[in-house]
Number of protein chains: 2
Amino acid sequence: MSPQPASLDRLFHALADPARRTMLERLTGGPASVSELAQPLAMSLPAVVQHLAVLEASGLVRSQKVGRVRTCQIEAGSLQRAEQWINERRTQWERRLDRLGDYLAQQLKDEKEGKLP
Amino acid sequence: MSPQPASLDRLFHALADPARRTMLERLTGGPASVSELAQPLAMSLPAVVQHLAVLEASGLVRSQKVGRVRTCQIEAGSLQRAEQWINERRTQWERRLDRLGDYLAQQLKDEKEGKLP
């Protein structure tokens, strides 16, 4: 089991929605207000606020209200945590394939040299 | 918008569940039967089969039935697609921070050299 299953649940759940990914893509270009985030999305402002709440709960985004404007910013550390989980699994699998390849190459060599029956 | 939003939806949704991540972790060690995948999980076999269906629909796992045994295997390409999406966003954000750092360093230099008012 992963050390922070609940947290990874929220991270991947937050990434599993196209509107939330569009908001994240916008935020990688720099901080933005809620209305700026809403602009390319064909949905109501309350719906955008709800998606923002999911992003904030996952730790992918944080926001700060100054006066009447709420400004949102990406949290690269959370993106990195999700990326790292996937990367570790992929690397482990690829190492396994490499070992399998080495083993098969050795078998072939032994066969050629008459070491195998 | 991403080129394959539906596909990324399914990928991240599949990763958002601790039981499905446990199944993936088991599979990074090598192919496994459905009962081997079920073994560490405190759930019924039909529940495991349902999770497996989500993993297969996302493209993260493929399975093959030989005789009475269904053997499952990880699909590294799908893991890589999810990882790449996150990595591109994180890199873009970090580049932005670097540019901001360069700009601020230049401002500070200009200020010290009396180029700024």
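Before reading further, recall that the structure is shown in the block above.
Predicted model, so just to flag it, every value in this text is computed and none were measured.

**Focus on the packing of aromatic side chains**
Point 1. One pass over the full model with this rule turns up three aromatic pairs over all chains.
Point 2. Here the aromatic rings of Phe12(A) and Trp85(A) are separated by 6.1 Å at their centres, their planes lie at 70°, and the arrangement is edge-to-face. On the criterion of sequence distance, the pair formed by Phe12(A) in helix α1 (residues 5–15) and Trp85(A) in helix α5 (residues 76–112) is long-range, its members being 73 residues apart. In this structure, Phe12(A) and Trp85(A) share a single accessibility class: buried.
Point 3. Put simply, the rings of Phe12(A), Trp85(A), Phe12(B) and Trp85(B) pair up and form one aromatic cluster.

**Focus: the packing of helix α2 (residues 18–28) of chain B against helix α4 (residues 45–58) of chain B**
Residues and elements named next belong to chain B.
Point 1. For the pair α2 and α4, interaxial distance at closest approach is 10 Å and the crossing angle is 75°. By the angle between their axes, α2 is roughly perpendicular relative to α4. Where α2 approaches α4, its residues Ala 19, Arg 20, Met 23 and Leu 24 are matched on the opposing element by Val 48, His 51, Leu 52, Val 54 and Leu 55.
Point 2. Here the contact of α2 with α4 is composed, by residue class, of seven nonpolar, one polar and one charged.

**Remarks on the side chain of Glu83(A)**
Point 1. Checked against the element boundaries, Glu83(A) lands in helix α5.
Point 2. Of the polar contacts made by the side chain of Glu83(A), one reaches the side chain of Arg90(B); its length is 2.5 Å.
Point 3. Every residue in contact with Glu83(A), bar those within four places of it in the chain, is listed here: Glu83(B), Ile86(B), Asn87(B) and Arg90(B).

**Some points on the relation of the copies chain A and chain B**
Point 1. You can overlay chain A on chain B at an RMSD of 0.1 Å; the transform is a turn of 180° with a shift of 0.0 Å along its axis. Such a combination of turn and shift is consistent with a two-fold rotation axis.
Point 2. In this assembly, 100% of the residues forming the interface of chain A have copies in chain B that are likewise at the interface, indicating an isologous arrangement.

**Some remarks on the sheet that holds strand β3 (residues 69–74) of chain B**
Residues and elements named next belong to chain B.
Point 1. Read across the open sheet, the three strands follow the order β1-β3-β2; overall the sheet is antiparallel. The open sheet terminates on both sides in strands that have one partner only, identified here as β1 (32–33) and β2 (61–66).
Point 2. Sheet topology places β2 next to β3; six bridges connect them, and they run antiparallel. In the strand pairing of β3, Arg 62 is matched with Gln 73.
Point 3. Contacts from α2 reach β1, β2 and β3, with the element oriented near 85° to β3.

**Observations concerning the environment of Thr28(A)**
Point 1. Tracing the backbone shows Thr28(A) in helix α2 (residues 18–28).
Point 2. Separated by 48 residues in the primary sequence, Thr28(A) and Ala76(A) have C-alpha atoms spaced 9.1 Å apart.
Point 3. Setting aside residues no more than four positions away along its own chain, Thr28(A) makes contact with Ile74(A), Arg89(B), Gln92(B), Trp93(B) and Arg96(B).
Point 4. Polar side-chain contacts of Thr28(A) include one of 2.6 Å to the backbone oxygen of Glu25(A).

Criteria and cut-off values
Residues numbered from 1 in each chain as written. Chains lettered and ligands numbered in written order. Predicted model: local features only at pLDDT ≥ 70, side-chain atom pairs only at ≥ 80, totals over all residues. Heavy atoms only, no water. Phe/Tyr/Trp six-rings, centres within 6.5 Å; stacked < 30°, edge-to-face > 60°. Helix = DSSP H or I, 4+ residues; strand = E, 2+ residues; numbered from the N terminus. Buried < 20%, exposed > 50% of the residue type's maximum accessible area, 1.4 Å probe, protein only. Axes fitted to C-alpha atoms, helices over the stretch in contact; angles between N-to-C directions. Parallel < 35°, antiparallel > 145°, perpendicular 65-115°, else oblique. Contact = heavy atoms within 4.5 Å. Nonpolar A, V, L, I, M, F, W, Y, C, P; charged D, E, K, R; others polar. Polar contact = N/O pair within 3.5 Å; in protein donor to acceptor, adjacent residues only side chain to side chain. Least-squares fit on C-alpha atoms with pLDDT ≥ 70 in both. Pairing = 2+ DSSP bridges.

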